[in-house]
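# Survey of secondary and tertiary structure
Okay, here's what each chain looks like letter by letter:
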Amino acid sequence: MSDCRHARRLAADAELGTLDEADRLRLELHLEGCPACAAETGRVRGLAALLRAQADAQDAADADDARSARALA
Amino acid sequence: MAEDRRHDASEAAPLGRAAPSSEVVRRAATGDRAAQEALLVAHLGRIRRRVRRLVGASGEADDLVQQACVELLRSIARYRGDASLELWIDRITTHVVYKFFRTSGRRARRVTVAEDVDRAGPEDAERRLEWREGLDAAGELLDRLRPERRIVFLLVAVEGRSLAETAAMLDLSLPAAKSRYLRARHDVDRLVACTPRLATLLEREEARR
């Protein structure tokens, strides 16, 4: 249980860009052997990826609109 | 997220425009209208992009952009140059959006735009429908997060901000920012797990990766 709590903190560190290489390996090993933590990390990162894809699409749409406006000007 | 998507410093350059000089900033701070306009023109695209990333295609986005611009001009005299102007403007924008989250209630709901899904989502029509439903559910999920956790999650997850950047954006200590992110992460996991249409979509997308 405490391993899972520690793994959760390491996963958050990874997402915050503060995980060193040794802890990265510890996290990977834990996730390989713990379906619950792997699923949790997958849900959090999956949602982040979905929201980023949406945001990137908005940026692309804005850029297209700006190009169209310049072409019409 | 930050581990694989470090904030791109090149974003500091506004789209197709030269960043205003320190002289323009100084003049804007004294109330020079032409300098203020130049400042806004140079940074409007960045402010708009950041607002859209944090609130999605909400109908409130334009108002928030306007509020951030007003706040920028109101406080430019306090800019001392100890951080980059872009970072300073990002902090102003973040605070405007955070205040919106704290005061808006359900108006903060993200809207899923069909054209965005068409552009970003899979080619297969059935999967695109799943994406759209998933994004709707994600919008509802974000709506249920506490404002202080929602803003931290968005800064990290959508903007790819590091811990240090997130703390700086919100005037938090590093431990406080990390604590908020851990709580946000826990809430997000719990809410996704009890939202079957979203959990299923995320599992399928992960399996495809």
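Residues numbered from 1 in each chain as written. Chains lettered and ligands numbered in written order. Predicted model: local features only at pLDDT ≥ 70, side-chain atom pairs only at ≥ 80, totals over all residues. Heavy atoms only, no water.

This part covers helix 6 (residues 125–144) of chain B. Residue and element names in this part refer to chain B. In this model, helix 6 (20 residues) spans 29 Å end to end at C-alpha, consistent with the 28 Å of a helix rising 1.5 Å per residue. Of the positions making up helix 6, those classed as buried are Glu130, Trp131, Gly134, Leu135, Ala137, Ala138, Gly139, Leu141, Leu142 and Asp143. Two or three places before glutamate 126, at the opening of helix 6, aspartate 124 has a side-chain oxygen 3.2 Å from that residue's backbone nitrogen. (Helix = DSSP H or I, 4+ residues; strand = E, 2+ residues; numbered from the N terminus. Expected span 1.5 Å × (residues − 1). Buried < 20%, exposed > 50% of the residue type's maximum accessible area, 1.4 Å probe, protein only. Polar contact = N/O pair within 3.5 Å; in protein donor to acceptor, adjacent residues only side chain to side chain.)

Residues and elements named next belong to chain B. Mapped onto the secondary structure, threonine 200 falls in helix 10 (residues 196–208). Spatially, the C-alpha atoms of threonine 200 and glutamate 130 are 9.4 Å apart, while their sequence positions differ by 70 residues. Here proline 196 takes part through its backbone oxygen, which lies 2.7 Å from a polar atom of the side chain of threonine 200.

Turning to the packing of aromatic side chains, a few remarks are in order. All names here are of chain B. Counted under the stated rule, the structure contains three aromatic pairs over all chains. Centroid distance phenylalanine 153 to tyrosine 181: 6.5 Å. Interplanar angle 5 degrees. Geometry classified as stacked. Linking phenylalanine 153 in helix 7 (residues 147–157) with tyrosine 181 in helix 9 (residues 174–193), this pair joins segments that are 28 residues apart in sequence. Accessibility assignment for this pair places phenylalanine 153 and tyrosine 181 in one class, buried. Sitting over the ring of tyrosine 98, arginine 102 keeps its end group 4.6 Å from the ring centre. The ring of phenylalanine 101 is capped by arginine 150, whose NZ or CZ atom sits 4.2 Å from the centre of that ring. (Phe/Tyr/Trp six-rings, centres within 6.5 Å; stacked < 30°, edge-to-face > 60°. Lys NZ or Arg CZ within 6 Å of the ring centre and 35° of its normal.)

This part covers the confidence of the model for chain A. In the predicted model, chain A carries a mean pLDDT of 89, and 99% of its residues have values of at least 70. Averaged over each element, pLDDT in chain A is lowest for helix 3 (residues 35–72) of chain A (85) and highest for helix 2 (residues 21–33) of chain A (96). (pLDDT = per-residue confidence, 0-100.)

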